[in-house]
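# Chain and residue survey
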Amino acid sequence: MCLKRRLSLLSAAVVFCACSLAHAGGIYKYTEKDGTIVYTNVAPGGPKAAHARRVETLAGEMRPAPAPTAPAQISDYSKNQLTQFDEMIRDAALRYRIPVNLVRAVMHAESAFDPSAVSVVGASGLMQLMPQTAQEMYVKDIFDAKDNIEGGVRYLRVLCNEFNGDMVQIVAAYNAGPEAVRRYNGQVPPFPETQAYVKKVLALYFQYKAQEAAQMESAKAP
């Protein structure tokens, strides 16, 4: 049984509920008796509260994820944000044999390094995982930074295996899904969002790669 098919048999481990991101206040987190972790911007009450093991109120808000057309540029803000997650990125990239600068670029494009980012379709966290993808990648807590990064990089590894390491196809599949890339015979699907997303991620990849090379040269200098 192939990896993709085997993973699809996993039971749900993550549920995300957001009624209105525009009016989100706090974030409520609770774990149901079956171990399902639920995030919502509506305070649990009634039967839900009765069946929850524990309800936590988390700081911050669920914030909209950046658009694929947002500027593909490393800024002082993104550098500062990246710093707190870079060790986890490096560890996961090494473990799954994915270029660390690709992980940085994908995370930058997906969430701008905001662990509370949520898209209009429910993709969540730093690597903007859909709940189904998260469960297939063994993610138990989609808003936990380490768990989310592990799941996102593991998914990049799955796509890398499927598309023989072709970075363009991998990035396109991360956005539009592998079926869409296969449907268009390995080409970037003709969806405006996916076209913009691929250009953005590749631009960021080369920026992060150049930045890392410059840092290494600087470290060598007497």
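For clarity, every value in this text was computed on a predicted model and none was experimentally measured.

In this section: helix α4 (residues 86-96). Burial in α4 covers these residues: Asp 86, Ile 89, Ala 92, Ala 93 and Tyr 96. The buried residues of α4 occupy one face: seen down the axis, they fall within an arc of 130°. Along α4, exposed side chains directed more than 90 degrees from the buried face belong to Glu 87 and Leu 94. Tucked inside the fold, the buried residues of α4 contact α3 (76-83), α5 (100-111) and α7 (145-162). Phi for Arg 97, located one or two positions after α4, is positive at around 55°.

So, on to the side chain of Asn 148. One can find Asn 148 in helix α7. Excluding anything up to four places from it in sequence, Asn 148 contacts Ser 124, Gly 125, Leu 126, Met 127, Gln 128, Leu 129, Asp 141 and Ile 142.

Further remarks concern unusual backbone geometry. A positive phi is found at Phe 113, a non-glycine position, where the angle reads about 65°. When its relative accessible area of 0% is taken as the criterion, Phe 113 is described as buried. A positive phi angle is found at Gln 128, which is not glycine, with a value near 50°. With respect to the helices and strands, Gln 128 occurs in the loop between β6 (117-118) and α6 (131-136).

Reading the values: the criteria
Here the residue numbers are simple positions, counted from 1 along each chain's written sequence. For this predicted model, a pLDDT threshold of at least 70 governs which residues receive local features, and a threshold of 80 or more governs which side-chain atom pairs are given and counted, while totals over whole chains, interfaces and linings are taken from all residues. Side-chain numbers here rest on the full set of heavy atoms in the structure, without hydrogens or water. Per-residue accessibility, obtained with a 1.4 Å probe over protein chains only, is compared with the maximum for each type, and a residue is labelled buried under 20%, exposed over 50%, and partly exposed between these values. By definition, any uninterrupted DSSP run of H or I lasting at least four residues is a helix, any uninterrupted run of E lasting at least two residues is a strand, and each is numbered from the N terminus. To be clear, the arc concerns the directions from the helix axis to the C-beta atoms. Between two residues, a contact is recorded if the distance between any of their heavy atoms is within 4.5 Å.

By themselves, these observations are geometric and do not establish any function.
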